[in-house]
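Close look at the chain arrangement
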Amino acid sequence: MSAASCRLTEDQFLCSICLDVFTDPVSTPCGHNFCKTCITQHWDVNVSCQCPNCKKVYNTRPELQVNTFISEVAAQFRQSAQQKASSSSSEQQVSKPGEVPCDVCTGTKLKALKSCLVCLASYCETHLEPHLTMSGLKRHQLIDPVENLEGRMCEKHDKLLELFCKTDQMCVCVLCSVLDHKTHDVVPLKEVYEGKKAELGKTEAETQEMIQKRRLKIQEIKRSVELSNQNADREIAEGVQVFTALMEPVERSLAELLDTIKEELRKTEKQAEGFIKELEQEISELEKRSSEVEQLSRSEDHLHFLQSFTSLNAAPPTKDWTEVSVCPPSYEGTVVRAVNQLEETLRKQMKKLFEAELKRVQQHEVDVTLDPDTAHPELILSDDGKQVHHRKRKKNLPDTPERFDTCVNVLAKQSFSSGRFYYEVQVKGKTEWALGVARESINRKGKIILKPQDGYWTIFLRNEKEYTACADPSVCLSLKSQPEKVGVFVDYEEGLVSFYDVDAAALIYSFTGCSFTERLHPLFSPSLNDGGKNSAPLIISPVNHTE
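None of these values were measured; they are calculated from a predicted model.

**Examining the pairing of strand E14 (residues 420-426)**
Here E14 lies mainly inside the structure; 5 of its 7 residues are buried. Direction of pairing for E14 relative to strand E19 (residues 485-491): antiparallel, over a ladder of 7 bridges. If you follow Val425 over to E19, its bridge partner there is Val486. For E14 and strand E23 (residues 538-541), the ladder comprises 3 bridges, and the chain directions are antiparallel. Across the sheet, the residue bridging to Glu424 is Ser541, located in E23.

Next up, the structure:
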């Protein structure tokens, strides 16, 4: 056999306890070799003297002698290993503060790559090699490097904590499982680990889902802010346009008023100037005659005096100014007439603005139908769910929690918890009615007061001409005309409920600053029949989108 084929390897001179080259190697009677210190300490800790490799038990501790041959060869291998470790240490990373150092390295400690749960030691790349090559060590459980491996040992029995007690929810060793936890539910750590890891995976998935939802919510909020900015810019632009349009007739009317007053003043001044000029001319002529009279009166020439006196008898022509006067112009009613004219102009302008606003809210039309399960037993609903009127005869219907039992109300099937919606209701021919929206949790039994605190945002008609907004306190509405069709518009996020006279394109009333936290249902009340005076139905009408 050649020398190369029987060459010894370093693995043959490694102690299976410390995993390093033998120091003072000794042999057990069963033929296995260990460092003298390693096997001695092993037997000192354990009750029985057992070979760590073959598990043979000795009743009396064998007397061990150092094997000088193995010691010399091991010394050569140790020197070779130190040279090899010294040359490779420059390539491997030196352990830094906070990193796990190799437990085998002497001198400069290299960074550990793995920790062994069987050996309770951490190893750098060089000292880890036996665990990767030796068959006995390959079965050891390696993990990423960790400190305080002693903490993985049972303090009471000095055994590896490799089991888990489900009863006491704690890690235990093998001896704990048969002594202190004998009747408990004890399973391998790996089983609990896999279960907890799966649970952790589920938690991680749930956490990621929550993160994703919140990221989406952030995007939604940012989008809302973006839309708010866009809406604000649009409203500002429209507001500037509207008020500019309103200011133009005001400024024009003011200019016309000032021009009228100035023109009247100019005419008066011109008339006065004409009179003054004419008077000044007469004064000039009269002063000339006066001068002549005065000069003649001083004459002592009798002949000249008499001859000149005759020519003075013809006085210059003058005007009778007794009835002549300049009356200041009367401006009474000028401002009033201008304001009345402006009011009419503004009224027409406002009508155009409301028409534009109505067209805008009509774009949010929704299809609404009446819910028979909520209708008071005396209400009659059409088959298509679009009309309702009152008849003084109760139907035999179950008194469910959803149904109104005292007030003649009915809700729509549809409900809304976000966005904007609009619908129109014909009220023509009725003397009493109520319309609006109500939150889903409203009380539907007994006497009901329609007010926002109880979840109702409505307006109603009583005694044919008395319109009221059910605010707190209620608001009496003064309308120029009786609506025949009422439009209801809701902006959920804005907290706005508005009512429009559709034909007049006029705003009837708005609830503002409302706080909606539930779904909202359109609410309808045709009120009592009143002996036929109020028999006309409420009719949910399609929106007529006119250009």
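**Quick notes on the confidence of the model for the protein chain**
With 95% of its residues at a pLDDT of at least 70, the protein chain reaches an overall mean of 87. Confidence drops under pLDDT 50 across residues 1-6; counting only partners more than four residues distant or on other chains, this segment forms 1 contact.

**Quick notes on a nonpolar patch on the surface**
Nonpolar side chains collect at one region of the surface, where Leu175, Val178 and Leu179 lie side by side and expose about 250 Å² of accessible area between them. Within the element layout of this structure, Leu179 appears in the loop between helix H5 (174-178) and strand E10 (186-188).

**Focus on the state of the cysteines**
In the structure shown here, the tally under the stated rule is 0 disulfides. A disulfide-free cysteine, Cys18 has its sulfur positioned 3.8 Å from the sulfur of Cys38, the nearest such atom. The structure places no disulfide on Cys470, whose sulfur is separated from the nearest cysteine sulfur, that of Cys476, by 11 Å. Exposure remark for Cys470: the relative accessible area of 4% places this residue in the buried category.

**Some details on the packing of helix H6 (residues 189-297) against helix H7 (residues 302-312)**
Relative to each other, H6 and H7 sit at 160°, their axes nearing to 11 Å. Our classification of the angle between H6 and H7 gives roughly antiparallel. In this structure, H6 meets H7 at a crossing whose hand is left-handed. Along the contact surface, H6 presents Arg289, Glu292, Val293 and Leu296, while H7 presents His304, Phe305, Ser308, Phe309 and Leu312. The residue makeup of the contact of H6 with H7, split by class, is 5 nonpolar, 2 polar and 2 charged.

**A look at helix H3 (residues 125-133)**
If you check which residues of H3 are buried, you get His127, Leu128, Pro130 and His131. Around the axis of H3, the buried residues are gathered within 140° of arc, so they sit on the same side. Looking at the buried side of H3, the elements it contacts are strand E5 (114-116), strand E6 (121-123), helix H4 (135-138) and strand E7 (142-143).

**Details of the packing of aromatic side chains**
In this description, a pair of aromatic rings is defined by centroid distance and the angle of the planes. The tally for this structure, following the rule as stated, stands at 10 aromatic pairs. Taking the centre distance of 6.5 Å and the plane angle of 65° together, the rings of Trp43 and Tyr58 count as edge-to-face. Here Tyr58 lies in strand E4 (residues 57-58) and Trp43 lies in helix H1 (residues 36-45), a separation of 15 residues in the sequence. Residue class for Tyr58 comes out buried when judged on its relative accessible area of 11%. One aromatic cluster is present, built from ring pairs that chain together Trp457, Tyr492 and Phe516. For the cation-ring pair, Lys319 lies above Trp321, with the distance from its terminal atom to the ring centre recorded as 4.7 Å.

**A look at the nonpolar core**
Trp433 and Phe524 are the most contacted members of the largest nonpolar core, which totals 38 residues. In terms of nonpolar packing, the next biggest core, distinct from the first, is built from 19 residues, Val26, Trp43, Tyr58 and Val73 among them.

**Observations regarding the layout of surface pockets**
Of the voids in this model, the largest pocket is the one considered here, and its volume is about 1,700 Å³. Lining the largest pocket are 43 residues, with Ile17, His42, Pro52, Lys55 and Val118 sitting closest to its centre. Mapped onto the lining of the largest pocket, the elements with two or more residues apiece are H1, E6, H4 and H5. Among the elements that make up the lining of the largest pocket, the one with the highest residue count is H1 (5 residues).

**A closer look at the packing of H6 against helix H8 (residues 334-362)**
Where H6 meets H8, the closest approach of the two axes is 10 Å, and the angle between their N-to-C directions is 165°. For the element pair H6 / H8, the angle class is roughly antiparallel. In the packing of H6 onto H8, the handedness of the crossing is right-handed. For the pair H6 and H8, the contacting residues are Glu235, Glu238, Val242, Ala245, Leu246, Pro249, Val250, Arg252, Ser253, Leu257, Thr260 and Ile261 in the first and Thr334, Val335, Ala338, Leu342, Thr345, Leu346, Gln349, Met350, Leu353 and Arg360 in the second. For the contact of H6 with H8, the per-class residue count stands at 13 nonpolar, 5 polar and 4 charged.

**Re the pattern of salt bridges**
Under the counting rule described, the total for this entry stands at 15 salt bridges. Notably, a salt bridge pairs Asp144 with Lys114, separated by 3.2 Å at the nearest N-O pair. Of this pair, Asp144 sits in the loop between E7 and strand E8 (163-165) while Lys114 sits in strand E5, placing them 30 residues apart in sequence. Here Lys114 falls in the partly exposed class, since its relative accessible area comes to 28%. Ionic pairing is found between Arg360 and Glu238, a salt bridge with its closest N-O pair at 3.6 Å. Taken together, the positions of Arg360 in helix H8 and Glu238 in helix H6 put the pair 122 residues apart, joining distant regions of the chain.

Definitions and cut-offs
- Residues numbered from 1 in each chain as written.
- Predicted model: local features only at pLDDT ≥ 70, side-chain atom pairs only at ≥ 80, totals over all residues.
- Heavy atoms only, no water.
- Buried < 20%, exposed > 50% of the residue type's maximum accessible area, 1.4 Å probe, protein only.
- Helix = DSSP H or I, 4+ residues; strand = E, 2+ residues; numbered from the N terminus.
- Pairing = 2+ DSSP bridges.
- pLDDT = per-residue confidence, 0-100.
- Contact = heavy atoms within 4.5 Å.
- Patch = residues over 30% accessible without salt bridge, like charges linked within 9 Å, V, L, I, M, F, W, Y side chains within 5 Å.
- Areas by Shrake-Rupley, 256 points an atom, 1.4 Å probe, with all protein chains shown as cover.
- Salt bridge = Lys/Arg side-chain N within 4 Å of Asp/Glu carboxyl O.
- Disulfide = S-S within 2.5 Å.
- Axes fitted to C-alpha atoms, helices over the stretch in contact; angles between N-to-C directions.
- Parallel < 35°, antiparallel > 145°, perpendicular 65-115°, else oblique.
- Left-handed = near helix turned anticlockwise from the far one by under 90°.
- Nonpolar A, V, L, I, M, F, W, Y, C, P; charged D, E, K, R; others polar.
- Arc of directions from axis to C-beta.
- Phe/Tyr/Trp six-rings, centres within 6.5 Å; stacked < 30°, edge-to-face > 60°.
- Lys NZ or Arg CZ within 6 Å of the ring centre and 35° of its normal.
- Core = buried A, V, L, I, M, F, W, Y, C linked by side-chain atoms within 4.5 Å.
- 1 Å grid on protein atoms, 1.4 Å probe; cavity = no way out; pocket = protein on both sides within 12 Å on 5 of 7 lines; lining within 4 Å.
- Points joined across faces, edges and corners; volume = space filled by probe spheres on them.

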